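Each chain is listed here by its residues.
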Amino acid sequence: MDPQTQNTSLQRLQNVERRVVRVLDIAGGVMEELTNPSGPRKDLVKTLCGEFMQSIKDIQVTLREEIKSACEYRPFEKCDYNSRIANEICFQKLQYLLSQLDHLKITVDRYPSFS
């Protein structure tokens, strides 16, 4: 994720956190209304329950989008690690081959030429 996307994602998750707190406040308001000694006001309970359900749906949608976005995130998609490691391995193999050729040359030079 680029920093701007990450920041936006973080902001969306912070907004979800605020909405969760608001949902808990709504639930508390409903519980207080239900324990009202004079009896609950049905219109207030209905309004709060509707707001609660809509908030839960909004939170669910946002979290699904964030999870989907996180699953689609491919941090190593443009990484050159594999090619760099492959190049390093080839380089090491070439160094080994050159050292073996040097040893072979030394061995060949020890013997007199038959020309």
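Residues numbered from 1 in each chain as written. Predicted model: local features only at pLDDT ≥ 70, side-chain atom pairs only at ≥ 80, totals over all residues. Heavy atoms only, no water.

**What to know about a nonpolar patch on the surface**
Link 1 in the chain: On the surface, a nonpolar cluster with roughly 580 Å² of combined accessible area is contributed by Leu94, Leu97, Leu98, Leu101, Leu104 and Val108.
Link 2 in the chain: With respect to the element layout, Val108 can be found in helix α3 (residues 81-110). (Patch = residues over 30% accessible without salt bridge, like charges linked within 9 Å, V, L, I, M, F, W, Y side chains within 5 Å. Areas by Shrake-Rupley, 256 points an atom, 1.4 Å probe, with all protein chains shown as cover. Salt bridge = Lys/Arg side-chain N within 4 Å of Asp/Glu carboxyl O. Helix = DSSP H or I, 4+ residues; strand = E, 2+ residues; numbered from the N terminus.)

**Regarding helix α2 (residues 42-72)**
Link 1 in the chain: Between its first and last C-alpha, α2 extends 45 Å over 31 residues, near the 45 Å set by a 1.5 Å rise per residue.
Link 2 in the chain: Listed as buried for α2 are Val45, Leu48, Ser55, Ile59, Thr62 and Glu66. (Expected span 1.5 Å × (residues − 1). Buried < 20%, exposed > 50% of the residue type's maximum accessible area, 1.4 Å probe, protein only.)

**Here's the deal with the pattern of salt bridges**
Link 1 in the chain: Here the structure, examined in full by the defined rule, presents four salt bridges.
Link 2 in the chain: A salt bridge links Arg22 to Glu51, with the nearest nitrogen and oxygen atoms 2.8 Å apart. Here the residue Arg22 occupies a position in helix α1 (residues 3-34), and Glu51 occupies one in helix α2, the gap between them amounting to 29 residues.
Link 3 in the chain: Arg41 is the partner of Glu33 in a salt bridge, and the nearest nitrogen-oxygen pair spans 3.1 Å.
Link 4 in the chain: Here Glu33 falls in the buried class, since its relative accessible area comes to 6%.

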